[in-house]
Amino acid sequence: MKYKKAKRFILLRDRLNYPLRFNPFVFSKLFFLWVAVGAIGGIIAGSYWIVLEQLLHFLSQFQGLLVIPLMATAGLLAGLIIHKLGDPGEMDLIVNNIRFKGGKLEPKNNPAMILSSLLCIASGGSAGPEAPLVQVTGSTGSWIARKLKFKGEDLRSLTIAGMASGFTALFGAPLGGSLFSLEILHHRHVVEYYQALIPAFVASCSSFVIFILITHIGIGPTWAFPVYSTPQLSDFFYAMLYALAGTAVGWLFIFTVRQSKAIFSVVRMPIYLRMAIGGLLIGIIAYYMPLTRYFSHDQLSILLKENFTMEFLVTLLIAKIFAISFTVTSGWRGGFIIPLFFVGAITGLIVNALFPGQNLPLILVSCMAAINACVTRTPISTIILLSTLTGFHQFVPIMFASLTGFFLAPKTPLINAQLGVKSSEHE
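Because the structure is predicted, anything quoted here is derived from the model rather than measured.

**A short note on the side chain of Thr382**
Reasoning step 1: Structurally, the position occupied by Thr382 is in helix H16 (residues 379-390).
Reasoning step 2: A relative accessible area of 0% places Thr382 in the buried class.
Reasoning step 3: Within the structure, Thr382 has its side chain in polar contact with the side chain of Asn372 (distance 2.8 Å).
Reasoning step 4: One polar contact links the side chain of Thr382 to the main-chain carbonyl oxygen of Thr378, over a distance of 2.6 Å.
Reasoning step 5: Each residue touching Thr382, except ones within four places of it in the same chain, is listed here: Ala369, Asn372, Ala373 and Ser402.

Written out as C-alpha cells, the structure reads:
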C-alpha cells in the first residue's frame, strides 16, 4: 500500500514538473553541439583543402621522368613522418573503433595523418583526401564527446557526426555524406547506428556551409556530364546490365588490392621503405600513363572531354587499378572513393566503345555506381553522392545500378572490419 502511494506521488510530481521542462520544439541543446562539431569539421576540411591545393600546384610542376624520383621521395618522407609521429591507421581501424570501442577515435596521431596524407595526395598518389579527413574530423568529434563526459551511443553519435562533416565537406552532399559515414561501418546493415543519423545530418549541413565559405568552391556538379534525356522504363534494365560491367571491374579491383597487400606483407620492412617502394611503383605508372596520377578529381573531367581509343582506355583502366592498389597497400594515406568513380567512368567509356549509339550518361553513371557500391558496400549514399557530383538527377537508374553492384559484390568485403570481426592490427 505504501509502495503504491509512493509511486503515485512520484508520478504526480513528474507531471507537475513536466510543463516546467516542456520544450515545444523537437531540437534540444544537443542540436547546437552537433552544429558546433560540424562547423569545426568544416574549418578543418577547409583549411586542409587550401593547403592541399597549394601543395598540388607546387608539386605538379614536376613532370616527365621527374615524377618517379618525386613520388619515391614523397613516399619516403611520408613514411618517416608516420614512423616518428605514430601510425594513424587505415579505414579498417576507424571502423573497428566505431564498432568495438564505443566510437572512440584517438586524435593523438592526427598530426601524422595530416602531414603524411598531404604529402601523399599532393605528390600524385591515387588516393583522395576523404579518408584522412574523416579520421581527423571523426576523432575531433570523439575528443569533444569525451571532454563533455559523453558515453555509449552519445559518444559514438558525436564521433560519427564528426566523420560525416569530413565526408560532406569534400563531396558537397550533406545527405550523402551523412549516410556514407553510417553505411561504411557495416557490409550488410545500412544504418546500424541509426541514433547517429540526425546528428550526422546536422553536422554535415553545418560543415558544408563553413567549407564553402572558406574555400569559395561553387555549389553545383563537380563533373560536367553529358545531358541525360528523359528516362524510359527500359533505362532501368539497361542500368543493371551496364552495372554488371562495373561490378566485374569492382571484383577485379578487390582481387588486385588483396594480391598487392599480400605481396607487400611478405617482406617485413620499416614503413618508410615500404612507402618509398610504393611511391616508386606509382611514379613509374604515372610516367607512362599521366592520367593515373592524383586522385582523379580533375582527371575525370579530362576523361569526359576528350576522345580516346579503345586500346588506350583498357590500358588506362588496368594502370589505374594497379596505381590505386599500390597506393593503398604500400602505406600511402588517402581514400579510394573518387579514384573508384574514375575507374567506373573508364569502364563506362569502354562499354560505350563496344556498343556505340547507347545512352552514354546512363552507361557512365551506372558503372560508377556499381563499382563503388561493390567495393565500399555503400549502395544508398552512392546514389546521392553520384547525383550531386555529376548533376544526374534521375535517382532511379542510379539506384538500380548501385543495388546491382551491392548485391553482386564478393561475400567478403574489402574493408574487413565491416564484417564485424575485430581486427588485431594496430592494437
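That shown, we press on.
**Considering the confidence of the model for the chain**
Reasoning step 1: Of the residues in the chain, 83% have a pLDDT of 70 or more, and the chain-wide mean is 83.
Reasoning step 2: Note that residues 15-20 has pLDDT below 50 and, in this model, zero contacts with residues that lie over four places away or in other chains.

**Overview of the packing of aromatic side chains**
Reasoning step 1: Throughout the structure, instances matching the rule amount to eleven aromatic pairs.
Reasoning step 2: An angle of 75 degrees between the planes, with centres 6.3 Å apart, marks the rings of Phe58 and Phe62 as edge-to-face.

**A closer look at the environment of Ile277**
Reasoning step 1: Summarising the element assignment, Ile277 is placed in helix H11 (residues 271-288).
Reasoning step 2: Along the chain, Ile277 and Thr73 lie 204 residues apart, while their C-alpha atoms are 9.5 Å from each other.

**Quick look at the packing of helix H2 (residues 29-59) against helix H5 (residues 110-123)**
Reasoning step 1: Between H2 and H5, whose axes approach to 8 Å, the crossing angle comes to 40 degrees. The angle between H2 and H5 falls in the class oblique. The handedness of the crossing between H2 and H5 comes out as right-handed. Residue-level inspection shows Tyr48, Val51, Leu52, Leu55, Leu56 and Leu59 of H2 in contact with H5, the latter providing Ile114, Ser117, Leu118, Ile121, Ala122 and Ser123.
Reasoning step 2: Its residues assigned to classes, the contact of H2 with H5 comprises ten nonpolar, two polar and no charged.

**A closer look at the environment of Phe312**
Reasoning step 1: Within the secondary structure, Phe312 sits in helix H13 (residues 310-329).
Reasoning step 2: Along the primary structure Phe312 and Met289 are separated by 23 residues, whereas in three dimensions their C-alpha atoms are 9.5 Å apart.
Reasoning step 3: Discounting chain neighbours no more than four positions away, the residues touching Phe312 are Met289 and Leu291.

**Considerations on unusual backbone geometry**
Reasoning step 1: Of note in this structure, Tyr294 is not a glycine but carries a positive phi near 75 degrees.
Reasoning step 2: Topologically, Tyr294 is positioned in the loop between H11 and helix H12 (299-305).
Reasoning step 3: Note on Tyr294: relative accessible area 11%, which makes it buried.
Reasoning step 4: Positive phi outside glycine occurs at Ser296, with the angle close to 80 degrees.
Reasoning step 5: Relative to the assigned elements, Ser296 resides in the loop between H11 and H12.
Reasoning step 6: By relative accessible area, Ser296 is classed as buried at 0%.

Conventions adopted
- Residues numbered from 1 in each chain as written.
- Predicted model: local features only at pLDDT ≥ 70, side-chain atom pairs only at ≥ 80, totals over all residues.
- Heavy atoms only, no water.
- Helix = DSSP H or I, 4+ residues; strand = E, 2+ residues; numbered from the N terminus.
- Buried < 20%, exposed > 50% of the residue type's maximum accessible area, 1.4 Å probe, protein only.
- Polar contact = N/O pair within 3.5 Å; in protein donor to acceptor, adjacent residues only side chain to side chain.
- Contact = heavy atoms within 4.5 Å.
- pLDDT = per-residue confidence, 0-100.
- Phe/Tyr/Trp six-rings, centres within 6.5 Å; stacked < 30°, edge-to-face > 60°.
- Axes fitted to C-alpha atoms, helices over the stretch in contact; angles between N-to-C directions.
- Parallel < 35°, antiparallel > 145°, perpendicular 65-115°, else oblique.
- Left-handed = near helix turned anticlockwise from the far one by under 90°.
- Nonpolar A, V, L, I, M, F, W, Y, C, P; charged D, E, K, R; others polar.

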